[in-house]
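Reading the structure
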Amino acid sequence: MQRQRVISWGQGAQHYYPYGAMLKLFASMDASVKIAGGTYDAGKTYGLVAYMHFLALRYEGARMTFVHRSLNRVYRNIIPTYEKFLGYKPPSRDDNPEGRDVTRFGGERPEFFEYPNGTRIYMNGLDKPQNLLSDFFDAGFVNQAELLPFAAWDELTARVSERAGVMPVAYLVGDCNPSVPNHWIRQQAKEGKLEFYRMSFLDNPEIIKQGSPELAEFKRAFRNDPDPKLLKKIEHLFTRSGERRVEKLKNLEGLRFKRGFLGLWASGEDLVFEGFDPEIHIVDTTIMPNWPRYLSVDWGYRDAASVIWWAHAPDDRLYAYKEIYKTGVIKPDLIRLIKENCDPYEDRIRYAAVDSADQDGVEQLRRAGFRVNEPKKDKVAQIQVVQKRLKVDETGQPAIFFLRDRLVHPPDEALKEQYLPVEVTDEFLGLSYSEKRTGNPQKDDAETDGEKHGIDGTSYLVRTLEKGPRGIGSGRVIHGSVKMR
């Protein structure tokens, strides 16, 4: 691969050369929204602070920004890499005896960095959005973009805009590590709404010497068969520190190996339901007409309302075979939609398991003719009963399944536009434990991040089945509902 000098700084003694996918990102001057993602230690952050530096030098008086989900992480994650790239810590504008090109304003936690041509790079965190969301920028770099909800990224695309008035094309760039398979980054890339550049530790010049035809050929082969043992073929190309760094990547385990070494977008890690596997839990099968039928209901309006039809097999396995997952539906309309989708012969519902905190919903369901079961709410217990059902037993099967194509309506467009789940199985792939301030997941806690409307409904039914049908009103099943005496 031919090397291309892109940037020089300082006294001309240092230069940055992008390689592989990062070189393509630098060269794609027409693509305004782009993300570099891939394995750990691929040099993504380093390359993108270099890219921002390149833009800062090129465009006089530009307004740019470094962004993270948390402002603290801008200072912890981005700034050290930026200073490493520059080769110095930018001094105060009022105290610069060595005449450094880049200076800072705002002390140890600078508000912005300033260039001789008047360009500024501001620091912003989504936890303190007042400055970020009240201004426009010519360019922005988002570190760990996979941690952002889509709504925040969508807002950033509006704030990093040609309205800032300096650059002919406003660039929003980000780096990311692999996350869940249905992440909005992958969906946006698939739809052509951002350019995605897949990177690997093999693109990092600090790890391996770049530019040789031998390495280029190996990269192509390794992408198709990323066996760690194959790295012995190019061990002579590794730098001294690169050997140690790659060894650490090779020794990762489980999901961290899949994401960090292979660069796969796989589920797991701090997910609440690590046991959920679409290949196992989403099935094509036949529901027998004599199996007992139930409903689970979680009300919603702005958030999604979830209704799931369940069949309970004789071996105690549950099958979700129909589903409503919609926003903007009031309770009477949702109940009408439920009744319209109850087959009078097959969907003879024994009872609906419903959120006990919503007594209005409980009463409306009862008046519509459904028996209702109201399990007591308990966040930890609700998580645990579903986790238990997802586990594969000695027969090689779990105790809960979800039929493919369950939705009785087209996917909710409002949810699709926000890259939110459009059915309960999407929730399993995205629900994670909340982080403590230390950044560690609270796996002993019930606090979670993500959508769980269908999961909550699922837990209501599972708990009622484990404890027996308590709290059910009298009545007899008639054509998919019950008529109260």
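Scroll up to find the structure this text is about.
A few points on the structure. All figures in this text were calculated on a predicted structure; none of them were measured in a lab. (Residues numbered from 1 in each chain as written. Predicted model: local features only at pLDDT ≥ 70, side-chain atom pairs only at ≥ 80, totals over all residues. Heavy atoms only, no water.)

Concerning the side chain of Gln144
Which entries qualify depends on this criterion: Each helix is a run of H or I in the DSSP string that is no shorter than four residues. Each strand is a run of E no shorter than two, and both are numbered from the N terminus. Buried means the residue's accessible area, taken with a 1.4 Å probe over protein chains only, is under 20% of the maximum for its type, while exposed means over 50%, and partly exposed covers the values in between. Any N or O atom pair separated by 3.5 Å or less is treated as a polar contact, with the protein-specific requirement of one donor-capable and one acceptor-capable atom, and with residues adjacent in sequence counted only for side-chain atom pairs. The contact definition used throughout considers only heavy atoms, calling two residues in contact when any of these lie within 4.5 Å.
In this fold, Gln144 is placed in the loop between strand S8 (139-142) and helix H4 (150-159). The exposure class of Gln144 is buried, given its relative accessible area of 18%. At a separation of 2.8 Å, a polar atom in the side chain of Gln144 contacts the side chain of His68. Excluding anything up to four places from it in sequence, Gln144 contacts His68, Arg73, Asn77, Asp175 and Asn177.

Topic: the sheet that holds strand S13 (residues 305-312)
We count it as follows: By the convention used here, strands pair only if DSSP detects at least 2 bridges between them. Only the stretch in contact is used when a helix axis is fitted, and all axes are lines through C-alpha atoms; the angle between N-to-C directions ranges over 0 to 180 degrees.
An order of S11-S17-S14-S13-S12-S15-S16 is seen for the seven strands of this open sheet, with the pairing classed as mixed. Edge positions in the sheet fall to strand S11 (282-283) and strand S16 (372-373), since each has one partner strand and no second. Relative to S13, strand S12 (residues 293-298) runs antiparallel, the two sharing six bridges. By the bridge assignment for S13, Ser296 is matched with Ile308. The sheet strands contacting helix H15 (residues 453-467) are S12, S13, strand S14 (318-326), strand S15 (349-354), S16 and strand S17 (400-403), and the helix crosses S12 at an angle near 135°.

With respect to the pairing of S14
For S14, the tally of buried residues reaches eight of nine residues, placing the bulk of the element in the interior. In terms of strand pairing, S13 meets S14 through eight bridges, oriented antiparallel. Pairing of Ala305 across the sheet is with Lys326, part of S14. Hairpin connection between S13 and S14: a loop of five residues separates the two successive antiparallel strands, and Asp316 in this loop has a positive phi of roughly 70°. Bridging between S14 and S17 involves three bridges; their strand directions are parallel. Note that in S17 the partner of Tyr319 across the bridge is Phe401.

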